[in-house]
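# Observations on the model geometry
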Amino acid sequence: MNAPRRAGTGRRPSAGGSALGTYGLLGLTVAIFLLFALLLPSTFPTGTNIKAILTNQSIPAMLALGATIPIVTGRFDLSIGYGIGLAHVVAMWLIVEQGTPWPLVLLLVLAGGVAVGLVNGLLVEFAQIDSFIATLGTGSVLYAVTGWITGGGRIVPGIHGLPLAFTDLTNSSLLGLPVTFWYVIALVVVLWLCLEHLPIGRYLYVVGANPRAAELVGINRRRVVIYAFVGSGLVTAFAGVLLAAQQQIGDPSAGSSYLLPAFVGALLGSTTIKPGRANSVGTLVAVAILAIGLSGLQQEGAAFWVTPLFNGLTLLAAVGLAGFAARRRQRAGTVVGADSRGGTAPPPSEPTLTPASADAPSEPAPTP
């Protein structure tokens, strides 16, 4: 006769609790919008303000989505703020001072973004430098190159301005909404398809959760991480071109202000839709709540220092919530695995946000 199965020592997460963790931030976004709509009925819930939010927050949203890609693997790309600054300055320099056709400028800047991502990936995986240190170092180099190109000044177009087709990359509309909004939606869809439905997405998540296990099942960890940094560099470069078309001026200090909001959106996004896992839809929701909150506070007459205070506090909350969501996901998997097998041994680990030793080299697989 079979031995009786042991009951699990924990409790299954309730459906209500799971739904709250998955869609709670989305509900909070709607609640904050309704709150400011009641407080500012004549200015906040208007089509003009909504279009302004979509226009102003599209580039930060793209940068947050770019930052999400390395975060899936447990790495961080701190060079994105300096990268977008260099990309938009190079685009302006090539168009204004070199007379380069803007389609060629777009291709050149995107190629530069791929090169920066490749360098970051090689430094992290082959030089075995912690991703914080490596990308902070490359970011400083990018900032130095930006200063060298501009001489510390701004690049201002001549009397004829920039080509109309170039500025239309950000100034035009599609279906009544700013075209930059559709860029963000397209990027969200592409990342969603890659992360959730293609093998590369599974590889990224597995590498982020357990690099050792990834290598044991035949995943080339180094190649996957390099791909993640290349993707981040490519998105950052495209955002830089859009920034040049939007601002129509080359400002060497413009990029630094985008770094913190990007990481706030990426990390806060890992607490919703798929709690404990960085994901593109969650990042979009996080950027939306930040955009709505900041717009409402500014219309309420908040002081200039409220924006960095809001971003800083939200970043701290995002990191704390991301860690909590990852631990909760692991505990839930352990309980479900124990209940299904009649024991208390944990099931195979699933990808979470950041492994404890994401940047540490894995031990080589044992030989038979």
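Quick summary incoming for the structure in this document. Because the structure is a prediction, the values reported are computed rather than measured. (Residues numbered from 1 in each chain as written. Predicted model: local features only at pLDDT ≥ 70, side-chain atom pairs only at ≥ 80, totals over all residues. Heavy atoms only, no water.)

### Observations concerning the overall build of the protein chain
For the record, the criterion: Only DSSP runs of H or I covering at least 4 residues are called helices, and only runs of E covering at least 2 are called strands; the numbering of each starts at the N terminus. Note that accessible areas follow from Shrake-Rupley with a 1.4 Å probe, and for residues the cover is restricted to the protein chains shown.
Broken down by element type, the protein chain carries 13 helices and two strands. Within the structure as shown, the protein chain displays about 17700 Å² of accessible surface, and the carbon and sulfur contribution to it stands at 68%.

### Digging into the side chain of Ser 131
Heads up, the rule is: The rule is simple: take the accessible area with a 1.4 Å probe, protein chains only, and divide by the maximum for that residue type; under 20% is buried, over 50% is exposed, in between is partly exposed. N or O atoms closer than or at 3.5 Å make up a polar contact, with two conditions inside protein: a donor-capable atom paired with an acceptor-capable one, and, for residues adjacent in sequence, both atoms drawn from side chains.
Structurally, Ser 131 is set in helix H5 (residues 131–150). Residue classification places Ser 131 among the buried positions, given a relative accessible area of 0%. At 3.3 Å, the side chain of Ser 131 and the backbone nitrogen of Phe 76 are in polar contact.

### Quick notes on the pattern of salt bridges
Using the following cut-off: Definition used for salt bridges: Asp or Glu carboxyl oxygen within 4 Å of a side-chain nitrogen of Lys or Arg.
Per the counting criterion, the structure on display carries four salt bridges. For Glu 215, the salt bridge is made with Arg 221, and the minimal N-O distance between the two is 3.1 Å. Judged by relative accessible area, Glu 215 falls into the partly exposed class, the value being 27%. Several salt bridges converge on common partners, so that one network encompasses Arg 75, Glu 125, Glu 215 and Arg 221.

### With respect to the packing of helix H8 (residues 199–209) against helix H10 (residues 221–247)
A pair of packed helices can be characterised by two numbers: the angle between their axes and the separation between those axes. Defined as follows: Whenever a helix is involved, its axis is fitted only over the stretch in contact; in every case the axis is a line through C-alpha atoms, and angles between N-to-C directions fall within 0 to 180 degrees. When describing relative orientation, an angle under 35 degrees is termed roughly parallel and one over 145 degrees roughly antiparallel, while 65 to 115 degrees is termed roughly perpendicular and anything else oblique. We call two residues in contact when some of their heavy atoms are within 4.5 Å. Classification convention: Asp, Glu, Lys, Arg as charged; Ala, Val, Leu, Ile, Met, Phe, Trp, Tyr, Cys, Pro as nonpolar; all other residues, Gly among them, as polar.
At a minimum axis distance of 10 Å, the contact between H8 and H10 shows a crossing angle of 105 degrees. Classed by the angle they form, the pair H8 and H10 counts as roughly perpendicular. Contacts between H8 and H10 pair Ile 200, Tyr 203, Leu 204 and Val 207 from the former with Arg 221, Val 224, Val 225, Tyr 227 and Ala 228 from the latter. Per-class residue counts for the contact of H8 with H10 are eight nonpolar, no polar and one charged.

### Focus on the packing of helix H3 (residues 80–97) against H10
This is how the line gets drawn: Crossing handedness is defined as follows: a turn of the near helix away from the far one that is anticlockwise and smaller than a right angle gives a left-handed crossing, while the clockwise case is right-handed.
Across the interface, H3 lies against H10 with an axial gap of 7 Å and an inter-helix angle of 50 degrees. For the element pair H3 / H10, the angle class is oblique. The element H3 and its partner H10 pack so that their crossing is right-handed. Contact residues: Ile 80, Gly 83, Ile 84, Ala 87, His 88, Ala 91 and Met 92 in H3; Ser 232, Thr 236, Ala 237, Ala 239, Gly 240, Leu 243, Ala 244 and Gln 247 in H10. Of the residues that constitute the contact of H3 with H10, the class distribution is nine nonpolar, six polar and no charged.

### Focus: the nonpolar core
Our working definition: What makes a nonpolar core is a set of buried Ala, Val, Leu, Ile, Met, Phe, Trp, Tyr and Cys residues whose side-chain atoms join them at distances within 4.5 Å.
Ranked by size, the top nonpolar core spans 59 residues in total, and within it Ile 59, Leu 63, Ile 71, Val 109 and Phe 166 carry the most contacts. For this core, the secondary-structure elements that each account for two or more residues are helix H2 (47–72), H3, helix H4 (102–125), helix H6 (164–171), helix H7 (179–197), H8, H10 and helix H11 (259–269). At twelve residues, the largest contribution of residues to this core is made by H10. Residues within four places of Val 109 in sequence aside, it is in contact with Ala 87, Val 90, Ala 91, Ala 237 and Val 241. Formed by seven residues, the second largest nonpolar core is a distinct cluster that contains Val 264, Leu 268, Ala 286 and Leu 290.

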